[in-house]
Amino acid sequence: MTVTVELIAKATVRISVRDGSRALPVLIQASDDDEGHRGLSLVHRLTHGRWGVTVEPLGKVVHADIAR
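Residues numbered from 1 in each chain as written. Predicted model: local features only at pLDDT ≥ 70, side-chain atom pairs only at ≥ 80, totals over all residues. Heavy atoms only, no water.

**Considerations on a nonpolar patch on the surface**
Move 1: Residues Met1, Val3, Val5, Ile15 and Ile66 make up a contiguous nonpolar surface patch of roughly 490 Å² in combined accessible area.
Move 2: Locating Ile15 in the fold gives a position in strand E2 (residues 12–19).
Move 3: Look at Ile15 and you get partly exposed, because its relative accessible area is 31%. (Patch = residues over 30% accessible without salt bridge, like charges linked within 9 Å, V, L, I, M, F, W, Y side chains within 5 Å. Areas by Shrake-Rupley, 256 points an atom, 1.4 Å probe, with all protein chains shown as cover. Salt bridge = Lys/Arg side-chain N within 4 Å of Asp/Glu carboxyl O. Helix = DSSP H or I, 4+ residues; strand = E, 2+ residues; numbered from the N terminus. Buried < 20%, exposed > 50% of the residue type's maximum accessible area, 1.4 Å probe, protein only.)

So, in structure tokens, the structure goes:
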């Protein structure tokens, strides 16, 4: 897994995570008693939906754009 943080615009920081899995992330609503399944929901809320996935031959890159 590789994590990258870069300034992509004057007021936007992009955090990218590359891994070797081609399984795509799924945004789900965790129930109150779930012990997990909140990560992507948190990313979605913190970025106001400004995240995405790029599938690569040997895995994927998930990125999230955050306003500075």
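**A word on the pattern of salt bridges**
Move 1: Summed over the entire model, instances satisfying the criterion amount to 3 salt bridges.
Move 2: With its nearest N and O atoms 2.9 Å apart, the salt bridge here joins Arg18 to Glu56. Of this pair, Arg18 sits in strand E2 while Glu56 sits in strand E3 (residues 51–56), and the two are 38 residues apart along the sequence.
Move 3: For Asp19, the salt bridge goes to Lys60, with nearest N and O atoms at 3.0 Å.

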